[in-house]
Amino acid sequence: MAKLKIQSFSTGALGCNCSIIYSDESKQAIIIDPGDDEFNIISKVEKLGLKVVKLLHTHAHFDHIGCSKSLKNKLGCSMHLHQGDEQLYQALSVQRQMFAIGDGDGPGVIDSWLLDEEEFSLDDEFKYFLKTLYTPGHTEGSCCFYTEYFEKPILFAGDTLFQESIGRTDLPGGDFEKIKKSIKQRLYMLPDETRVITGHGPETSIFNEKRSNPFIRG
């Protein structure tokens, strides 16, 4: 019986956590937040012999989506983002200037805009195993991705929720009241045992954040 596997690793100058979810039989894969390190991503894909079918993005900050245009073209996959971050994505070069990190690719074509509760599949076996949760606050279009396929549920939280911290709300599109609502009403409603793969830094759990997060307690 085929299984789904995950590889999560840090990419780029700002250490964005990228996750590759793939079938060990068909080798089809979905990448969440490719980051800004094309060489690293392609090296992983080639080493595992994967066929990437989708690039999913939690939001449009350059450290999460900076190399996606090139990856899409080279890997022949589709690219997905919430429409709330359309203007942010179009301003990739401005974002880079703010952080003084290179020129890089300009924005590419988004194949479809993510919808709240939208589900994604891999090949014919793993149908609708990954769900989109719209969680604005870090940016207007911030999303998380949730799956119950594995032994413990997993949340790919992007920059909405960190280990005992939350995403910045002082950048364009940020809103503390919105991120607070997103975390309390969407993320903290998930099972306590849910693993949280964050956008940067170590993973955590919903239980730990409800109990110990100094910004937003459950």
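Cut-offs and rules
- Residues numbered from 1 in each chain as written.
- Predicted model: local features only at pLDDT ≥ 70, side-chain atom pairs only at ≥ 80, totals over all residues.
- Heavy atoms only, no water.
- Helix = DSSP H or I, 4+ residues; strand = E, 2+ residues; numbered from the N terminus.
- Rg over C-alpha atoms; globule rule 2.2 N^0.38 Å.
- Buried < 20%, exposed > 50% of the residue type's maximum accessible area, 1.4 Å probe, protein only.
- Contact = heavy atoms within 4.5 Å.
- Areas by Shrake-Rupley, 256 points an atom, 1.4 Å probe, with all protein chains shown as cover.
- Lys, Arg positive; Asp, Glu negative; His and termini not counted.
- Salt bridge = Lys/Arg side-chain N within 4 Å of Asp/Glu carboxyl O.
- Polar contact = N/O pair within 3.5 Å; in protein donor to acceptor, adjacent residues only side chain to side chain.
- Pairing = 2+ DSSP bridges.
- Core = buried A, V, L, I, M, F, W, Y, C linked by side-chain atoms within 4.5 Å.
- Patch = residues over 30% accessible without salt bridge, like charges linked within 9 Å, V, L, I, M, F, W, Y side chains within 5 Å.
- Phe/Tyr/Trp six-rings, centres within 6.5 Å; stacked < 30°, edge-to-face > 60°.
- Lys NZ or Arg CZ within 6 Å of the ring centre and 35° of its normal.
- Disulfide = S-S within 2.5 Å.

Account for the overall build of the chain, with residues named and values stated.
In terms of helices and strands, the chain carries seven helices and 14 strands. Taken over C-alpha atoms, the radius of gyration comes to 16 Å for the chain, in line with the 17 Å a tight globule of 218 residues would show. Oriented by its inertia axes, the alpha-carbon framework of the chain measures out at about 45 × 40 × 25 Å. By residue count, 52% of the 218 residues in the chain fall in the buried class. Taking the intrachain contacts of the chain between residues at least 6 apart in sequence as the baseline, contacts between residues at least 24 apart amount to 59%. Only carbon and sulfur atoms are counted for the fraction: they give 49% of the accessible area of the chain, which is about 9800 Å².

Could you give me a rundown of the side chain of aspartate 159, with the residues and numbers involved?
The residue aspartate 159 is located in the loop between β10 (154–158) and β11 (161–162) in this model. Nearest to the buried, unbridged aspartate 159 among oppositely charged side chains is arginine 168, at 8.6 Å. Within the local environment of aspartate 159, its side chain forms a polar contact with the side chain of histidine 64, the two groups lying 3.2 Å apart. What aspartate 159 contacts, discounting residues up to four positions off in sequence, is Thr58, His59, His64, His138, Ile166, Gly167, Ile179, Gly199 and His200.

Explain the pairing of strand β5 (residues 78–81) residue by residue, including any values.
Here is the key point about a regular strand: its side chains alternate between the two faces of the sheet. Residues Ser78 and His80 of β5 are buried on one face, and the alternating residues Met79 and Leu81, pointing to the opposite face, are buried as well. In terms of strand pairing, strand β4 (residues 51–56) meets β5 through three bridges, oriented parallel. Its bridge partner lying in β5, leucine 55 is registered against methionine 79. Looking at chain direction, β5 and strand β6 (residues 112–113) are connected through two bridges and run parallel. Bridge assignment links leucine 81 to a residue of β6, and that residue is tryptophan 113.

Tell me about the nonpolar core, and please be specific about residues and values.
By size, the foremost hydrophobic cluster in this structure holds 18 residues, and its most contacted members are Ile32, Leu56, Phe129, Leu130 and Phe156. Only β3 (28–32), β7 (119–122), β8 (126–134), β9 (143–147) and β10 provide two or more residues apiece to this core. Leaving out residues up to four positions away in the same chain, phenylalanine 156 has contacts with Ile6, Ser19, Ile21, Ile32, Thr58, Leu130, Cys144, Phe145, Thr147 and Ile197.

Kindly report on a nonpolar patch on the surface, identifying the contributing residues and their values.
Taken together, Leu14, Val94, Met98 and Phe99 make up a surface patch of nonpolar side chains, about 350 Å² in accessible area. Its place among the elements puts methionine 98 in helix α5 (residues 92–99).

How would you summarise the sheet that holds β7 if you had to cite specific residues and measurements?
By definition, the strands of a sheet pair up through backbone hydrogen bonds, in either a parallel or an antiparallel sense. If you walk across this open sheet you meet the six strands as β7-β8-β9-β10-β13-β14, and the pairing is mixed. Only two strands of the sheet have a single neighbouring strand rather than two, namely β7 and β14 (204–205). Of the pairings in the sheet, the one linking β7 to β8 comprises three bridges and is antiparallel in character. Looking at β8, one finds that phenylalanine 120 is bridged to leucine 130.

If you had to explain the packing of aromatic side chains to someone new, which residues and values would you point to?
In the structure shown here, the tally under the stated rule is three aromatic pairs. On the basis of an interplanar angle of 90° and a centroid distance of 5.1 Å, the ring pair of tyrosine 149 and phenylalanine 150 is categorised as edge-to-face. Taking the relative accessible area as the measure of exposure, phenylalanine 150 reaches 18% and is therefore buried. Put simply, the rings of Phe126, Tyr149 and Phe150 touch in pairs and so form one group of aromatic residues. One Lys or Arg, lysine 44, reaches over the ring of phenylalanine 9 and ends 4.7 Å from the middle of that ring.

Lay out the state of the cysteines in plain terms, naming residues and giving numbers.
A full pass over the atoms with the stated rule returns zero disulfides. Looking at cysteine 18, it has no disulfide partner, and the nearest cysteine sulfur is the one in cysteine 16, 6.8 Å off. In this structure cysteine 143 is a free cysteine whose sulfur lies 7.6 Å from that of cysteine 144, the closest cysteine sulfur available.

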